[in-house]
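Structure at a glance
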4 protein chains.
Amino acid sequence: MSSEQKKSSFRHRLHEIIYEADTNAGKVFDVVLLAAILASVLFVMLESVESFDTKYHTFLNIAEWIITILFTIEYILRLIAIKKPWKYVFSFYGIIDLLSTLPKYLSLIFVGTHHLAALRALRLLRVFRILKLARYIGASNRLLVALRASRAKIAVFLFFIVILCIILGTVMYMVEGEENGFTSIPRSVYWAIVTMTTVGYGDIAPHTPLGQLIASVIMILGYGIIAIPTGIVSSEMTKTVLDVNTQACPSCLKENHKDNAEFCYNCGSILNEE
Amino acid sequence: MSSEQKKSSFRHRLHEIIYEADTNAGKVFDVVLLAAILASVLFVMLESVESFDTKYHTFLNIAEWIITILFTIEYILRLIAIKKPWKYVFSFYGIIDLLSTLPKYLSLIFVGTHHLAALRALRLLRVFRILKLARYIGASNRLLVALRASRAKIAVFLFFIVILCIILGTVMYMVEGEENGFTSIPRSVYWAIVTMTTVGYGDIAPHTPLGQLIASVIMILGYGIIAIPTGIVSSEMTKTVLDVNTQACPSCLKENHKDNAEFCYNCGSILNEE
Amino acid sequence: MSSEQKKSSFRHRLHEIIYEADTNAGKVFDVVLLAAILASVLFVMLESVESFDTKYHTFLNIAEWIITILFTIEYILRLIAIKKPWKYVFSFYGIIDLLSTLPKYLSLIFVGTHHLAALRALRLLRVFRILKLARYIGASNRLLVALRASRAKIAVFLFFIVILCIILGTVMYMVEGEENGFTSIPRSVYWAIVTMTTVGYGDIAPHTPLGQLIASVIMILGYGIIAIPTGIVSSEMTKTVLDVNTQACPSCLKENHKDNAEFCYNCGSILNEE
Amino acid sequence: MSSEQKKSSFRHRLHEIIYEADTNAGKVFDVVLLAAILASVLFVMLESVESFDTKYHTFLNIAEWIITILFTIEYILRLIAIKKPWKYVFSFYGIIDLLSTLPKYLSLIFVGTHHLAALRALRLLRVFRILKLARYIGASNRLLVALRASRAKIAVFLFFIVILCIILGTVMYMVEGEENGFTSIPRSVYWAIVTMTTVGYGDIAPHTPLGQLIASVIMILGYGIIAIPTGIVSSEMTKTVLDVNTQACPSCLKENHKDNAEFCYNCGSILNEE
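All of these numbers come straight from a predicted model, not from anything done at the bench. (Residues numbered from 1 in each chain as written. Chains lettered and ligands numbered in written order. Predicted model: local features only at pLDDT ≥ 70, side-chain atom pairs only at ≥ 80, totals over all residues. Heavy atoms only, no water.)

1. So, the overall build of chain A
Cut-off, in case you're wondering: Secondary structure elements are defined from DSSP: runs of H or I of at least 4 residues count as helices, runs of E of at least 2 residues count as strands, and each element is numbered from the N terminus. Whether a residue is buried, partly exposed or exposed follows from its accessible area with a 1.4 Å probe, protein chains only, as a fraction of its type maximum: under 20%, in between, or over 50%, in that order. Here, residues are in contact when the closest pair of their heavy atoms is within 4.5 Å. For accessible areas, the Shrake-Rupley method is used with a probe of radius 1.4 Å. Any residue's cover is judged against the shown protein chains and nothing else.
Summing up its helical and strand segments, chain A has 11 helices and zero strands in all. In sequence order, chain A lays out its α and β elements as α-α-α-α-α-α-α-α-α-α-α. Buried residues in chain A amount to 51% of all 274 residues. Residue pairs in contact within chain A that sit at least 24 positions apart in sequence constitute 49% of those at least 6 positions apart. Accessible surface computed for chain A: about 13,200 Å², of which carbon and sulfur atoms make up 68%.

Here's what the structure looks like:
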């Protein structure tokens, strides 16, 4: 076996362990990885709790450095294991993996940036790949199809909401004024969003009768308006669930066939099976 | 009549009274049981109200002990009345019945545990069995079918929400900082959940303009995102209501027949009736 | 014309004016009535505003008495105008009309009851009858059909929510304790409802980390659970909108025909037209 | 070329630039306009922030005057560019354009009115026309069709909500009284709306046990009632998405054909293509 072949075989074995979950070694690697991700997210969160940090600062710091170094090694191994490393680097998971590793190193130079390590939480999405949850991925894909279909409508909807909140916030700024907590238009717009979305912190609240009347209108509006995005997604999901697709008939171009239809409901031509 | 027969006949009679509601004795037993459950839940709740407890402490204590002893006797009778007691012990209602009875006894040993007796509220679910509300159970079952079908999608959705809240909570911790109430990452994540779900207590609220901008984005996100679980359940319920099932045709394997269809809409074969 | 005939003709004329809106006199009567109802609701509301009441107390009191006497006369005329007065007395509108008139008289005997006059707001529902808004009534009826169909499911759902809130409230009472505002189980159950329904006043809020963790779970639960009643109503409304009815075929008993179907989709028999 | 022809040609060229976006000049004009609108909204908002205004007052004032004058010129050019200026003046965009320009001039006479300039945010709706986002406009139109269809039902629903809140607010005013913050009926109605819509500021909150019980009922009611507008819009959207229309067959008058059906599903007659 030549050196070149050895290297190729080593890379193949590495690829099997890191990227696949069929072999025993691969499964062990994946479970250990998930545990490390969970632990690292937990450590970053606990470090920010003062009472915890003062007691266990050294332990948390060392633990985070160990995990960061392990993640770095994993990242390098992932680069070695595939033939086209750049494809991994610019993939969704590749970017997340890099973002999870960098903050700790950056914290040596810039103070405070190590909290960004909480971005590691995104690595938890790997659970879907690792557990080979085809069923869940299927569910997730269906969701994505319905969401993608309703993207344009929801964009229009959110655009209207923002404009409405700017208008209503300005009106409230003029009605309530600075003495009632509406100290500026941006702050009033913030209040309008808090109210319209039915969050209602109560840090700013109208005090004049007219302000309360307008607030009531905004609330009832927000209560009714929430029906719109819900209606959009519901109808798209219903379409998906009822298996109506947008495939066009090859001979008469009619759409909206059932997903498992074999013949066009309009002209009887045979439809292309996927 | 032999002693063995007597015992069997006694158990049969007991079973009729306790587990069924067809005889007069059975009906009386069920109504008394429901009243006792309602009273016991009320007593536990009232006991926790200080002004009430100081006045009627002895009364409440005695009343709870009487009910607990009655529940204990009922539990023992239930064990005697059926042939396979273990089946009852590990059934849904069996576990609830045990959990409703134990806390009062535990309170003799551990202080404070008797509040767990509020778990008795779960026994109220028995109302469905007792009142033989076939219609309501039917409704409940349909609900369960639709919920079971959307389980996977909703799990994926909630998983995303939690990860999103961890990320956004961390960002807000860095933006607002400890002086504005965001004292740690876990607390900021808690705030992100309070905001995303449109609950909005207001115990923690952003004070910096940038923080309020991010909060606005989270709120609008949460306002739009709620459309997703709603859409999921709506579409599944619509499927149930329109009686489309996922039964496959025995000869051509097509799915999505109407629930009461006799012939396949694709090849005309006779479908298996359930 | 005999006295008997005169009386009958007078009653007929009265019926036309009060109960119908086809004649000019009837239209004028209805418009005046609506204006009086609106004014009376406004007066009751303004009377409760102290700064307003101190200034205009005499005016408001006299205005309310005038309206109350007018409503009393109207009530008596309604009794005279129809042949079976008891039918009106126990009808929906009859009960509301009585409840709108009584409080002012009761206020002579019992202090404070005159605020109940705000029940007059219910009389505003008459606007549907008066304006002959067939389109709106149609809409309202469709709504009622869908709501009636989902009644059982929604009852089951609300029952679960209440039981869940009792359990979760008790748990939070034990976790947070009296020093954090959870002073009793009923109060904690109230908090659980405030949180589950995403209202979130913030008058009571968890302070311990464990309490905030449980609160987060309740919030996410409440955020997801709202999908259930929405899904129920959505699916029933979709059924109504798509005109699927529950009419059974007279020969094969299959249901779920389209509202305007003429032949059974199962056996081809002619369906009964409504 | 006569003077008349020159004028007409100039107007034609102007129309091309201002009202259309096919030529290069037209595209440049539109992009500059959008930028100016965005900047002007930003300036109005920043002017209301005190810390900002004290520093940059002169700059903001001049910037706003420049933009206002530019908008005025644009408005006049729009009037010149079309043959029937009144049609533009009374169109949706015409009114908005006027409302965006006037406040700054009015501020010379009346103090405080210049904040109304935030109405310029409405001009942002032009983005749909400018970017020729046919896809978005399509989405928006579909939304409008579904919303128009559910208008009557939602009006009935909101009417019920308002009446319900008046009744419940009055009841709470009598239960809680002025010492718990429910100082008047209008204020209590405001609280009922805040609670029913699940906003929950917490500026007013019930303190008596009975008040909290009623509040709990209102919250659960509001939590369940939100299903209604959502169900209405969902069902209408589903109808739109599934492409069922209300076109009637010319020979048998049956409705609910698919949007792209060519033959009546009932009698086989050819349907009118739109």
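2. A closer look at the pattern of salt bridges
Residues and elements named next belong to chain B. The cut-off we apply is this: For this analysis, a salt bridge means a side-chain nitrogen from Lys or Arg found within 4 Å of a carboxyl oxygen belonging to Asp or Glu.
One pass over the full model with this rule turns up 16 salt bridges over all chains. Its salt-bridge partner being K104, residue E64 comes within 3.5 Å of it at the nearest N-O pair. Separated by 40 residues along the polypeptide, E64 in helix α3 (residues 50–81) and K104 in helix α5 (residues 92–106) bring together distant segments of the chain. Comparing E64 with K104, the two get one shared label, buried. The salt bridge involving R78 is made with E74; its shortest N-O contact spans 2.7 Å. Taken as a pair, R78 and E74 lie in helix α3 at a separation of four residues, close to a single helical turn.

3. Re the packing of helix α9 (residues 185–196) of chain A against helix α10 (residues 209–225) of chain B
Keep this limit in mind: Only the contacting stretch of a helix is used when fitting its axis, a line to C-alpha atoms as for every element, and angles between N-to-C directions run 0 to 180 degrees. Orientation categories follow fixed angle ranges, with anything under 35 degrees roughly parallel, anything over 145 roughly antiparallel, 65 to 115 roughly perpendicular, and all other angles oblique. Here a crossing is taken to be left-handed if its near helix is turned anticlockwise relative to the far helix by less than a right angle, and right-handed if that turn runs clockwise. Following the grouping adopted for this structure description, the nonpolar residues are Ala, Val, Leu, Ile, Met, Phe, Trp, Tyr, Cys and Pro, the charged ones are Asp, Glu, Lys and Arg, and the polar ones are all others, Gly among them.
At a closest axis distance of 9 Å, the pairing of α9 of chain A and α10 of chain B adopts a crossing angle of 25°. When the axis of α9 of chain A is compared with that of α10 of chain B, the two are roughly parallel. At the point where α9 of chain A passes α10 of chain B, the crossing takes the left-handed sense. Within the contact between the two elements, α9 of chain A uses R187, Y190, I193, V194 and M196 of chain A and α10 of chain B uses Q212, A215, S216, M219, I220 and Y223 of chain B. Residues belonging to the contact of α9 of chain A with α10 of chain B are distributed by class as follows: eight nonpolar, two polar and one charged.

4. Points about the side chain of T170 of chain B
Heads up, the condition is: Throughout this description, a polar contact denotes any pair of N or O atoms lying within 3.5 Å of each other; where both atoms belong to protein, one of them has to be capable of donating a hydrogen while the other can accept it, and for residues adjacent in sequence the pair is counted only when both atoms sit in side chains.
Here T170 of chain B lies in helix α8 (residues 151–176). Engagement of the side chain of T170 of chain B in a polar contact is seen with the backbone oxygen of I166 of chain B, the distance being 2.7 Å. In contact with T170 of chain B, other than residues within four places in its own chain, are H115 and A118 of chain A together with I185 of chain B.

5. Description of the domain arrangement of chain A
Frequently, the measure chosen for interface size is the accessible area removed from exposure when the parts meet. Note the threshold: Domain boundaries shown here were taken from an automatic or database domain assignment.
Per the domain assignment, the segments making up chain A are domain 1 (3–132) and domain 2 (149–237). Measuring from the centre of the C-alpha atoms in domain 1 of chain A to the corresponding centre in domain 2 of chain A gives 41 Å.

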